[in-house]
Amino acid sequence: MSAQAPAAAESPGEATREQMNIVIVGHVDHGKSTLVGRLLADTESIDPAKIEQVRELCARQGKRFEYAFLLDALEAERDQGITIDAARCFFRSDLRDYILIDAPGHIEFLKNMISGAARAEAAVLLIDAAEGVRENSRRHGYMLGLLGIRQVVVAVNKLDMVGYDRAVFDRIEAEYRAFLTRIDLEPAAFVPVSALAGDNLIGPSEKTPWYDGPSVLAAVDAFAKAPAPAEKPLRMPVQDVYRFNREGDTRRIIAGRITAGRLSVGDDVVFEPSGKRTRIASIEGFSEPTRLSVEAGRSTGITMTEQIYVARGDVMAHADRPPRVSNRLRANLFWLGRQPLRRGRTYKLKMATFSGLCEVEQLIEVMDASALSDAGHPDRVERHEVAEVVLRLRRPMACDLSHEFVETSRFVLVDGYDVAGGGIVRDVLAAGDEDDAVRWTTEVGAINRPLREAKHGHRALLLVLHDDLDQNGRALAAALEESLWTGGKSVYRLDLAPGDVQKVGPGELAPRSITLGLVAGLLNAGQIVIATVPWSDDHTHDEALRMPGLDVVPQCQVRFRTGGDDQGPVAGESLDDDRDWALDPSLEPRALHDVIKRRLERLLAG
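This is a predicted model, so every value here is computed, not measured. (Residues numbered from 1 in each chain as written. Predicted model: local features only at pLDDT ≥ 70, side-chain atom pairs only at ≥ 80, totals over all residues. Heavy atoms only, no water.)

## Observations regarding the packing of helix H9 (residues 472-486) against helix H11 (residues 589-605)
Relative to each other, H9 and H11 sit at 50°, their axes nearing to 10 Å. Compared by their axis directions, H9 and H11 come out oblique. In this structure, H9 meets H11 at a crossing whose hand is right-handed. Contacts between H9 and H11 involve Leu476, Ala479, Leu480, Ser483 and Leu484 from the former and Leu592, His593, Ile596, Lys597, Leu600 and Glu601 from the latter. For the contact of H9 with H11, a count of residues per class yields 7 nonpolar, 2 polar and 2 charged. (Axes fitted to C-alpha atoms, helices over the stretch in contact; angles between N-to-C directions. Helix = DSSP H or I, 4+ residues; strand = E, 2+ residues; numbered from the N terminus. Parallel < 35°, antiparallel > 145°, perpendicular 65-115°, else oblique. Left-handed = near helix turned anticlockwise from the far one by under 90°. Contact = heavy atoms within 4.5 Å. Nonpolar A, V, L, I, M, F, W, Y, C, P; charged D, E, K, R; others polar.)

## Regarding the nonpolar core
Core analysis: the biggest nonpolar cluster contains 35 residues, and Val23, Leu144, Ile149, Val152 and Tyr176 have the highest contact counts within it. Where this core is concerned, the elements lending two or more residues are strand E1 (19-26), strand E3 (97-102), strand E4 (122-128), helix H5 (135-146), strand E5 (151-157) and helix H6 (166-182). At 6 residues, H6 tops the list of elements feeding residues into this core. Here this core gathers at least three residues from each of two domains, domain 1 (19-221) and domain 3 (328-432). (Core = buried A, V, L, I, M, F, W, Y, C linked by side-chain atoms within 4.5 Å. Buried < 20%, exposed > 50% of the residue type's maximum accessible area, 1.4 Å probe, protein only. Domains from an automatic or database assignment.)

## Focus: the pattern of salt bridges
The final tally for this structure, using the stated rule, is 24 salt bridges. The shortest N-O distance in the salt bridge between arginine 262 and glutamate 231 comes to 3.0 Å. Remark: glutamate 231 occurs in the loop between helix H7 (216-221) and strand E7 (236-244) and arginine 262 occurs in strand E9 (residues 262-264); sequence separation between them is 31 residues. On the accessibility criterion, arginine 262 (38% relative accessible area) is partly exposed. Across the salt bridge formed by arginine 380 and glutamate 382, the nearest N and O atoms sit 2.5 Å from each other. Here arginine 380 falls in the partly exposed class, since its relative accessible area comes to 22%. In the salt-bridge network here, residues are joined through shared partners; they are Glu173, Arg177 and Glu186. (Salt bridge = Lys/Arg side-chain N within 4 Å of Asp/Glu carboxyl O.)

## Quick look at H6
The end-to-end C-alpha distance of H6, which contains 17 residues, comes to 25 Å, matching closely the 24 Å that a straight helix rising 1.5 Å per residue would cover. For H6, the secondary structure elements touched by its buried residues are E4, H5, E5 and strand E6 (189-192). N-cap assignment for H6: the residue whose side-chain oxygen lies 2.9 Å from the backbone N of alanine 167 is aspartate 165. Positioned one or two residues after H6, aspartate 184 has a phi angle of 60°, which is positive. (Expected span 1.5 Å × (residues − 1). Polar contact = N/O pair within 3.5 Å; in protein donor to acceptor, adjacent residues only side chain to side chain.)

## Details of the sheet that holds strand E31 (residues 580-583)
Ordered by their spatial adjacency, 5 strands build an open sheet running E25-E28-E24-E30-E31, and the pairing between neighbours is parallel. Of all the strands in the sheet, the pair left with one neighbour each is strand E25 (491-495) and E31. Each adjacent strand pair in this sheet contributes to an overall mean axis angle of 15°, direction not counted. Lying on the sheet, helix H10 (residues 513-524) is in contact with strand E24 (461-466), E25 and strand E28 (528-533); it crosses E25 at an angle near 170°. (Pairing = 2+ DSSP bridges.)

## Comments concerning the packing of H5 against H6
Running from amino to carboxyl end, H5 crosses H6 at an angle of 35°, the nearest separation of the two axes being 10 Å. Handedness of the crossing formed by H5 with H6: right-handed. Residues Ser137, Arg138, Gly141 and Tyr142 of H5 form the contact with H6, whose participating residues are Glu175, Tyr176, Phe179 and Leu180. Of the residues belonging to the contact of H5 with H6, the class tally is 4 nonpolar, 2 polar and 2 charged.

As structure tokens, this is what we get:
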């Protein structure tokens, strides 16, 4: 359950109180949930009625009341006595408001711990005084450093179980401080506590007269608040592009969430990785007054004075402070996949709204996170190990370094359907040879694609049509092939079967290698390639298909959607304005043909 403070009338100053996210981490059974529950209770940040409700529930179940039960809302957690997911609660001190994230400590739930810690600005890390420093204690410390969390308080808990022995505390502090020093993490304080008894949580305890440092509350209040995201340079990962032609609105609205900085009408902006520039014409929102400016933390839409092609995954920034762009990154990552990460294997990288294929170009160093020692197998990264790697993407990506921005420097790697690892960008390397991205093609000899295009009198082009249940895609593809061929164009039509493509995620299709090779060979021959993708339960007509590595030629797709854009290109549109065409299947076949052919003619001549 989420613990909340009792409702009270806010004073004018309370509305502007500072807020900070704190994550509580540590090995399983080291007392994280108990510490948070006791902290909430002792500072009266939780409704006393909720405490009594949990006490009564424990009595009915024949269990001893524990403060941890104030947070562990899932039945499985109560039954097993462990935290499975990251529970959140709200806490108030005299200085500021806090969102406390109680992250799971069991090794099997490290993914949940990472997702919880990724939202935090600082951390309290618990170590059981009776058990001492465990492997997971070291893993959690490493993960905090990997996620860029530099403000950490270490609470040595359950001092009551060792008789408040100072020697035990000193030994744990010396051992763990030495470990944190090796990963360049300097804790703000080591605090001896008993979460069960409340010692040194919100004030000094008489049971530890030998300790003269801050309490957990005082140490947390001493954390420095990071600069507001709005004060940083502008970053807005593009979520989607909307058009409402059906209502006679010809504008393209670029939608996304501003993760850093401010944006105003009239600002000059750049979209990376393409480097295309424009100026903000308006700031749009649903059912709200017109805005002239917007800042970090808000989802918004914008229109541009010049129509340029923008796609999901692009990052908008002010023209004078753009993100970095490359297809090669040096990164630190933590691997959680059941299959080892290996050099040369292909994975999907997701960062903000970007999603693209990458491969491990180099394993610089592979380490055991719990011992900070060489893992002994430089050819792979096993589960729960960490590594410094060089990743090579199939197409360039806009990103930042880990110490600069959060949302555009943290990423996850997907292996198949599973999130198998996460990491941060440490450096952006020189871009690799883009020709290597199409290594599955075999273009040889001096007669290359541009020469063939010149002989044909038009550019090579890929058009993908997503079929629907009425097979409008196949019918349209056949009509376009005949029309283009009759008009003197070199065109080749492919009817892809379900086995020629694979579903790689929600709303995403990817061609198989043999399909890529076939399409690439035809494009290298200067052909116009028209390919249809069948409709089925697994491959729906709403999913997007792109051919990675073939960005040297125009790629466009046709999808069928009731109420789609059937007006054709707007006069004065850029040739790159739109490559994703949604058509209304209820239109006459000839009208559909004419809309697509008119757009193709513009691209072929470009």
